[in-house]
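Given next are the chains, with one letter for each unit.
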Amino acid sequence: LNFDVDLYFYPLYEATYGRIARGVLPLWNPYQLCGIPWLGTLQAGTFYPLHALYLVLPLHLGLVGSHLFHLPLAALATAAFARRAGLSLAAAALAALLFTLRGMFTLSLAAPNYVEATAWLPVGAYAIVGLAQGRLAGSVALLATATAMSFLAGYPQPTAYALYAWATLLVAAL
């Protein structure tokens, strides 16, 4: 049973994006706690650009579409990061498979905002190695994008962990 998806994310996304699709900006959520600001609910990821899928697709297909974007993003970005860091093609492919198909990333498919936030970790790592190699402009823009997308996805804990990992990687790469 996926209690998080069934009892929290599905109803939250359905209510949030259903209102937005009807042209109503959801400002107040009277159903959670004793009422909270709707747009201030992090888990909904209201400002995450890829959640526009929920406006144009039925919710179950939007969730599938989100995973079909984020899993390959994580795999390809991990492989690109590993190659940029100097690993062989075979080692980069293995790293991509292990990151995408093992551990917390795979175990958290029932928490869409976790997967969305964590998928940007290797994108930022790729940018960090680029920074250490002197590729400043593109790497800064890519790191800013990865940070913003991870935070906007609605699960700040993986974003904080990514920032710690990126800072450590930058020190090690320099």
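Refer to the structure presented above.
Here, residues in each chain are numbered from 1, in the same order as that chain's written sequence. Residues qualify for local features only when their pLDDT is at least 70, as the model is predicted, and side-chain atom pairs are given and counted only at 80 or more; totals for whole chains, interfaces and linings, by contrast, use all residues. Side-chain numbers come from the whole structure's heavy atoms, not from hydrogens or water.

**Q** I tried to follow the overall build of the chain on my own but got confused; where do I start?
**A** The helix and strand labels rest on DSSP assignments: H or I over at least four residues marks a helix, E over at least two residues marks a strand, and numbering proceeds from the N terminus. Within the chain one finds nine helices and two strands. Tracing the chain from N to C terminus, the helices and strands come up as α-β-β-α-α-α-α-α-α-α-α. For the C-alpha atoms alone, the extent of the chain along its principal axes is close to 50 × 30 × 25 Å. Looking at the chain residue by residue over its 174 residues, the buried ones come to 39%. Any two residues whose heavy atoms approach within 4.5 Å are treated as being in contact. In the chain, the proportion of contacts linking residues at least 24 apart, taken out of those at least 6 apart, comes to 62%. All accessible-area figures derive from a Shrake-Rupley calculation using a 1.4 Å probe, and residue coverage is judged against the displayed protein chains alone. As displayed, the chain offers around 9400 Å² of accessible surface, 73% of which is attributable to carbon and sulfur atoms. Lys and Arg are tallied as positive, Asp and Glu as negative. Neither His nor the chain termini are counted. Each charge is placed at NZ for Lys, CZ for Arg, CG for Asp and CD for Glu. Taking the 6 positively charged and 4 negatively charged side chains of the chain as two groups, their mean positions are separated by 19 Å. Residue exposure (1.4 Å probe, protein chains only): buried if accessible area is under 20% of the type maximum, exposed if over 50%, otherwise partly exposed.

**Q** How should I be thinking about a nonpolar patch on the surface in this particular structure?
**A** On the surface, L55, V56, L57 and L61 cluster together to form a nonpolar patch covering roughly 340 Å² of accessible area. Tracing the chain through its elements places L57 in the loop between helix 2 (53-56) and helix 3 (59-84). With a relative accessible area of 33%, L57 lands in the partly exposed category. Two distance rules govern patches: like charges are joined within 9 Å, and nonpolar side chains (Val, Leu, Ile, Met, Phe, Trp, Tyr) within 5 Å, applied only to residues with over 30% relative accessible area and no salt bridge. Salt bridge, as used here, is a side-chain nitrogen of Lys or Arg placed within 4 Å of a carboxyl oxygen of Asp or Glu.

**Q** Would you explain unusual backbone geometry in this entry?
**A** The general pattern is negative phi for most residues beyond glycine and trans for most peptide bonds. Even without a glycine there, the phi angle at L33 is positive, about 50°. Within the element layout of this structure, L33 appears in the loop between strand 1 (28-29) and strand 2 (36-37). With a relative accessible area of 74%, L33 lands in the exposed category.

**Q** Can you walk me through the environment of G62 in this structure?
**A** Its place among the elements puts G62 in helix 3. G62 sits in the buried class, given a relative accessible area of 0%. Separated by 49 residues in the primary sequence, G62 and Y13 place their C-alpha atoms 10.0 Å from one another. Aside from chain neighbours lying at most four places away, what touches G62 is L53, Y54 and L57.

**Q** What is the right way to look at the packing of aromatic side chains in this model?
**A** Here the distance between the centres and the angle between the planes together describe a pair of aromatic rings. Two aromatic rings from Phe, Tyr or Trp, using only the six-membered ring of Trp, form a pair when their centres are within 6.5 Å; if the ring planes differ by under 30 degrees the pair is stacked, by over 60 it is edge-to-face, and anything between is tilted. In this structure the tally under the stated criterion is eight aromatic pairs. Note on Y8 and F9: the rings are 5.3 Å apart at their centroids and 85° apart in plane angle, and the pair reads as edge-to-face. With a centroid separation of 5.3 Å and 80° between ring planes, the pair formed by Y114 and Y155 is classed as edge-to-face. Taken together, the residues span a long stretch of sequence, with Y114 in helix 6 (residues 112-118) and Y155 in the loop between helix 8 (136-152) and helix 9 (156-173) at a distance of 41 residues.

**Q** I would appreciate a short explanation of the packing of helix 8 against helix 9 in the present structure.
**A** Between two packed helices, what matters for the description is the angle formed by their axes and the separation of those axes. Where helix 8 meets helix 9, the axes come as close as 8 Å, and the angle between the chain directions of the two elements is 155°. One way to sum up the angle between helix 8 and helix 9 is to call them roughly antiparallel. Here helix 8 contributes L143, A146, T147, S150 and F151 to the contact with helix 9, which in turn contributes P156, T159, L163 and W166. A breakdown of the residues in the contact of helix 8 with helix 9 according to their chemical character gives six nonpolar, three polar and no charged. Axis lines are fitted to C-alpha atoms, over the contacting stretch for helices. Their N-to-C directions set the angle, which ranges from 0 to 180 degrees. An angle counts as roughly parallel when it lies under 35 degrees, as roughly antiparallel when it exceeds 145, as roughly perpendicular when it falls between 65 and 115, and as oblique in every other case. By the convention adopted, Pro, Cys, Tyr, Trp, Phe, Met, Ile, Leu, Val and Ala count as nonpolar, Lys, Arg, Asp and Glu as charged, and the other residues, Gly among them, as polar.

**Q** Please clarify how the nonpolar core should be interpreted in this entry.
**A** Side chains that are nonpolar tend, in soluble globular proteins, to be buried together. Counting residues in each nonpolar core, the largest one holds 20 residues, and the members touching the most others are W120, V123, L143 and W166. Within the residue set of this core, elements represented by two or more residues are helix 3, helix 6, helix 7 (121-132), helix 8 and helix 9. Here the element with the most residues in this core is helix 7; it accounts for five residues. Residue types Ala, Val, Leu, Ile, Met, Phe, Trp, Tyr and Cys, when buried and joined through side-chain atoms within 4.5 Å, form a set referred to as a nonpolar core.

**Q** In this structure, what is going on with the environment of Y10? I would like to understand it.
**A** With respect to the helices and strands, Y10 occurs in helix 1 (residues 3-21). A residue is classified by how much of its surface remains accessible, and Y10, at 27% relative accessible area, is partly exposed. Counting along the chain gives 34 residues from Y10 to A44, while the straight-line C-alpha distance between them is 9.9 Å. Excluding residues that lie within four positions of it along the chain, Y10 makes contacts with V5, L59, H60 and L63.

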